[in-house]
Amino acid sequence: MLLLRTFIISLFFCLPVHAISSDGAPLAEELRVFKLSTDVKLLLLKYYHVQADEGNSQLVEEVLHHRDEVAYQKDRLFQEMSEGYSEKQSRIDGHWVEFNTLLEQNINEIRESNYPELQVVTLMRKAQRAMLDELEQLSQSILSNNEVSLSELTLWQRDQKNLLIEVVERYIERAASSMGAPLTIDSVDINVLCQRFDRGIEDMLTRVSSSEAQRLLNKVRSQWLFIETAATDTNARLIPFLVMRYADSILARLDDVAHHI
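Please read all numbers here as calculations on a predicted model, not as lab measurements.

Sorry, what's going on with the overall build of the protein here?
Counting secondary structure elements, the protein contains nine helices and zero strands. Sequence-ordered secondary structure for the protein, helices as α and strands as β, is α-α-α-α-α-α-α-α-α. Burial status across the protein gives 46% buried among its 261 residues. Put simply, 79% of the contacts in the protein that link residues at least 6 apart link residues at least 24 apart. Accessible area for the protein stands at about 13300 Å²; split by element, carbon and sulfur atoms hold 51% of it.

Help me understand helix 6 (residues 152-176), please; the structure alone is not making it clear to me.
Since there are 3.6 residues in each turn of an α-helix, residues three or four apart along the chain are aligned in direction. For helix 6, which comprises 25 residues, the first-to-last C-alpha distance of 36 Å matches the rise-based estimate of 36 Å (1.5 Å per residue) to within 8%. Judged by how many residues are buried, helix 6 sits mostly within the fold: 19 of 25 residues are covered.

Is there a simple way to explain empty space enclosed by the protein in this structure?
Where empty space is left can be seen by rolling a probe of water-molecule size over the atoms. Per the stated rule, a full pass over the model turns up one cavity of 30 Å³ or more. Quantified by volume, the largest cavity comes out at close to 30 Å³. In terms of lining, the largest cavity is formed by Leu 42, Leu 45, Leu 164, Ile 165, Met 244, Ala 247, Asp 248 and Leu 251. Of the residues assigned to the lining of the largest cavity, the class counts are seven nonpolar, no polar and one charged.

Help me understand the nonpolar core in this model?
For soluble globular proteins, the rule of thumb is that nonpolar side chains tend to be buried together. In this structure, Tyr 47, Leu 164 and Ile 227 are the most contacted members of the largest nonpolar core, which totals 71 residues. Mapped onto this core, the elements with two or more residues apiece are helix 2 (24-52), helix 3 (57-80), helix 4 (86-113), helix 5 (118-145), helix 6, helix 7 (190-207), helix 8 (211-232) and helix 9 (240-259). Ile 227 has contacts with Leu 164, Val 167, Val 168, Val 243, Tyr 246, Ala 247 and Ile 250, leaving out every residue within four places of it along the chain.

Help me understand helix 3, please; the structure alone is not making it clear to me.
Taking 1.5 Å per residue, 24 residues should reach 34 Å; helix 3 reaches 35 Å between its end C-alpha atoms and fits that length. Along helix 3, the residues classified as buried are Leu 59, Val 60, Val 63, Leu 64, His 66, Arg 67, Val 70, Ala 71, Gln 73, Lys 74, Leu 77 and Phe 78. The N-capping residue of helix 3, defined by a side-chain oxygen 2.9 Å from the backbone nitrogen of Gln 58, is Asn 56.

Quick question: what am I supposed to make of the packing of helix 7 against helix 8 here?
Axes are the key here: two packed helices are described by the angle between their axes and the distance separating the axes. One way to put it is that helix 7 packs onto helix 8 with a least axis distance of 10 Å and a crossing angle of 170°. Regarding the angle of helix 7 to helix 8, the classification is roughly antiparallel. Residues Ile 190, Asn 191, Cys 194, Phe 197, Asp 198, Ile 201, Glu 202, Met 204 and Leu 205 of helix 7 pack against Gln 214, Leu 217, Asn 218, Val 220, Arg 221, Trp 224, Glu 228, Ala 231 and Thr 232 of helix 8. Residues belonging to the contact of helix 7 with helix 8 are distributed by class as follows: 10 nonpolar, four polar and four charged.

Would you mind going over the packing of aromatic side chains with me for this structure?
The geometry of an aromatic ring pair is captured by two quantities: the separation of the ring centres and the angle between the planes. Applying the stated criterion across every chain yields a total of four aromatic pairs. Taking the centre distance of 5.9 Å and the plane angle of 50° together, the rings of Tyr 47 and Tyr 48 count as tilted. For Tyr 47, a relative accessible area of 0% translates into the label buried. Ring centres 5.8 Å apart and planes at 35° place the aromatic pair Trp 96 and Phe 99 in the tilted group. Here Trp 96 and its partner Phe 99 are both found in helix 4, three residues apart, which amounts to about one turn of the helix. Judged by its relative accessible area of 6%, Trp 96 is buried. On the accessibility criterion, Phe 99 (1% relative accessible area) is buried.

Rules used in this analysis
Every chain is numbered independently, its residues counted from 1 as its sequence is written. Since the coordinates come from a predicted model, pLDDT governs what is reported: local features require at least 70, and pairs of side-chain atoms require 80 or more to be given and counted, while whole-chain, interface and lining totals use all residues. To get the side-chain values, all heavy atoms of the structure are used, and hydrogens and water are removed first. Here a strand is any run of E in DSSP of at least two residues, a helix any run of H or I of at least four, and the numbering for each starts at the N terminus. The buried label goes to any residue with under 20% of its type's maximum accessible area, the exposed label to any with over 50%, and the partly exposed label to all in between, with areas taken from a 1.4 Å probe on protein chains only. In what follows, residue pairs with any heavy atoms lying within 4.5 Å of each other are defined as contacts. Only the protein chains shown count as cover for residues, and the accessible areas themselves come from Shrake-Rupley with a 1.4 Å probe. A helix is expected to span 1.5 Å multiplied by its residue count minus one. Of the two site types, the cavity is a set of points on a 1 Å grid over the protein atoms alone where a 1.4 Å probe fits but cannot get out, and the pocket is an open set with protein on both sides within 12 Å along at least five of seven lines, each lined by residues with an atom within 4 Å of a point. Grid points are joined across faces, edges and corners, and a volume is the space filled by probe spheres set on the points. Residue classes follow a fixed rule: Ala, Val, Leu, Ile, Met, Phe, Trp, Tyr, Cys and Pro count as nonpolar, while Asp, Glu, Lys and Arg count as charged, and any other residue, Gly among them, counts as polar. Side-chain atoms within 4.5 Å link the members of a nonpolar core, which is a set of buried Ala, Val, Leu, Ile, Met, Phe, Trp, Tyr and Cys residues. We define a polar contact as two N or O atoms separated by no more than 3.5 Å, with the added condition that, inside protein, one atom must be a possible hydrogen donor and the other a possible acceptor, whereas residues neighbouring each other in sequence contribute only through side-chain atom pairs. With axes taken as lines fitted to C-alpha atoms, and helix axes fitted only over the stretch in contact, angles between N-to-C directions fall between 0 and 180 degrees. By definition in this entry, angles of less than 35 degrees are roughly parallel, angles greater than 145 are roughly antiparallel, angles of 65 to 115 are roughly perpendicular, and the rest are oblique. Only centres within 6.5 Å qualify two rings of Phe, Tyr or Trp (six-membered ring in Trp) as a pair; their planes then separate them into stacked at under 30 degrees, edge-to-face at over 60, and tilted for everything else.

Purely geometric numbers; function is a separate question.
Here it is, written out as structure tokens:
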């Protein structure tokens with residue numbers, strides 16, 4: 001039984017990292033859509049970090065730089081995307097223009113008075129959510145139209161990334177709330193999200209045999225424990241700079257883990 005289990009696990013991780021398919025082109029396209037979605041989520045987190053740090057000029061420039069990178073990434077993706085998705089691209093572009101306009105307005109308010117308009121922040125977030133929904137639909141369309149599916153490893157990796165970003169978003173909103181950031185209203189308790197992330201890392205640690213993959217996962221777990229404590233303890237001192245830095249590090253390591261399995 002032990003040998004059979006080892007064989008099954010080995011077979012599972014020998015499958016292509018990003019999907020189960022003989023044609024890599026649609027999957028590469030879908031991967032770019034997911035990356036764009038992740039970067040759009042991070043853009044809002046970086047904006048909230050500006051609020052939490054009361055308009056820190058260096059952070060403002062980082063937000064605008066990340067905004068420009070996202071815009072370039074989106075335009076390049078749409079220029080090179082296969083035919084048949086023009087309507088979805090148009091809707092995504094519309095939400096992006098709205099989000100970007102509101103972001104620019106908020107940044108200007110912060111530069112002038114350190115305080116953004118609460119209603120504008122709410123509208124910006126609404127536009128971002130609408131864009132993310134369209135990107136998710138685009139991703140599903142690419143997979144469905146090309147009859148391809150993502151591997152279990154890729155699904156795990158994405159689930160961990162999304163859980164991390166959601167937890168950090170809750171935290172960074174709380175850190176920024178003194179400057180008018182709306183707090184998340186969600187039916188899923190933040191402790192449940194943290195438990196799901198914990199289980200994902202622990203489960204993967206029991207499956208991998210590569211010493212480098214285990215080292216990376218242990219480093220992820222170490223940094224995650226810091227984020228989890230900061231996010232779930234409302235009495236803890238707010239330290240958005242470290243939380244954001246660790247989140248960036250974890251996201252990169254989740255990518256590295258897949259390359260060492």
